[in-house]
Amino acid sequence: TNLESLKLESNLTRQIVILAEEKLGKKGKIDGKKVWLLGDEGKKLEDISKYLSDKKLDTKIFTFPNDANNGNIVDALDKFDFDDVADIIIDATHISENIAFNEISRVDAKQLIFKNSDARFLFYKTLNSQSKRPNQIICLTAIDGAFGYGDSDSNIVDPSYGAIAGFYKSLRKEWDGVIVK
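None of these values were measured; they are calculated from a predicted model.

## Thoughts on the packing of helix α2 (residues 70-79) against helix α4 (residues 118-128)
Two elements in contact, α2 and α4, have axes separated by 10 Å at closest approach and are oriented at 35 degrees. Seen along the crossing, α2 lies across α4 with a hand that is right-handed. Counted together, Asn 70, Ile 73 and Leu 77 of α2 and Ala 119, Leu 122, Phe 123 and Thr 126 of α4 form the full contact between these two elements. For the contact of α2 with α4, the residue count by class is 5 nonpolar, 2 polar and no charged.

Structure representation (structure tokens):
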């Protein structure tokens, strides 16, 4: 995409999208690594788990409950075995679902924001109480790659990804020694 075509202008500001790339980290052997998958779509997490298992990775899934609230998130966390901490955590929250944020009800929007912020905070707060942290955390998102400036067919309007991205950006700064992407 030509950056000139992504330039937008209003009476007050001029916005120019700047694309930046960053290496994912050191390449190394992943055989036998422990991977935790997080998300809210059980079937999608199972598909990812099967793919990773075929690549000789040891996977475990944590699915945020559909009717998430503080009580059932805490119950789900109590049932999850945090003792054998993963080498890699992959967050694939609603990765295959294009949520029409402007069309969902207030109740569904609050549920979505709870799962994408408070529930995730509780998960990592519980993990933080363990003696070991993962080596790497990867957050998968389904954004259009043009920062909302692409054509309407590729534009995904889902502000809840902002909660996820912001959370991981903060976690990256707080957890020294953990690669967060």
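## Description of the pattern of salt bridges
Pairing between side chains of opposite charge can happen when the charged atoms of each approach one another. A complete count under the given rule lists 6 salt bridges for this structure. Lys 115 is paired through a salt bridge with Asp 40; the nearest N and O atoms lie 3.8 Å apart. One end of the pair, Lys 115, is in helix α3 (residues 106-116); the other, Asp 40, is in the loop between β3 (34-39) and α1 (42-54), and 75 residues separate them in sequence. Judged by relative accessible area, which is 9%, Lys 115 ranks as buried. The residue Asp 87 makes a salt bridge to Lys 132 at a minimum N-O spacing of 4.0 Å.

## Section: the packing of aromatic side chains
Throughout the structure, instances matching the rule amount to 14 aromatic pairs. Taking the centre distance of 5.4 Å and the plane angle of 40 degrees together, the rings of Tyr 124 and Phe 167 count as tilted. A residue pair is termed long-range when its members are at least 10 positions apart, and Tyr 124 in helix α4 and Phe 167 in helix α5 (residues 160-174) qualify at 43 residues. Owing to a relative accessible area of 3%, Tyr 124 belongs among the buried residues under this scheme.

## Quick look at unusual backbone geometry
What you tend to see is this: most non-glycine residues have negative phi, and most peptide bonds are trans. In this structure, Lys 56 takes a positive phi of about 70 degrees despite not being glycine. Topologically, Lys 56 is positioned in the loop between α1 and β4 (58-63). Accessibility expressed as a relative area gives 58% for Lys 56, which makes it exposed.

Reading the values: the criteria
Residues numbered from 1 in each chain as written. Predicted model: local features only at pLDDT ≥ 70, side-chain atom pairs only at ≥ 80, totals over all residues. Heavy atoms only, no water. Axes fitted to C-alpha atoms, helices over the stretch in contact; angles between N-to-C directions. Helix = DSSP H or I, 4+ residues; strand = E, 2+ residues; numbered from the N terminus. Left-handed = near helix turned anticlockwise from the far one by under 90°. Contact = heavy atoms within 4.5 Å. Nonpolar A, V, L, I, M, F, W, Y, C, P; charged D, E, K, R; others polar. Salt bridge = Lys/Arg side-chain N within 4 Å of Asp/Glu carboxyl O. Buried < 20%, exposed > 50% of the residue type's maximum accessible area, 1.4 Å probe, protein only. Phe/Tyr/Trp six-rings, centres within 6.5 Å; stacked < 30°, edge-to-face > 60°.

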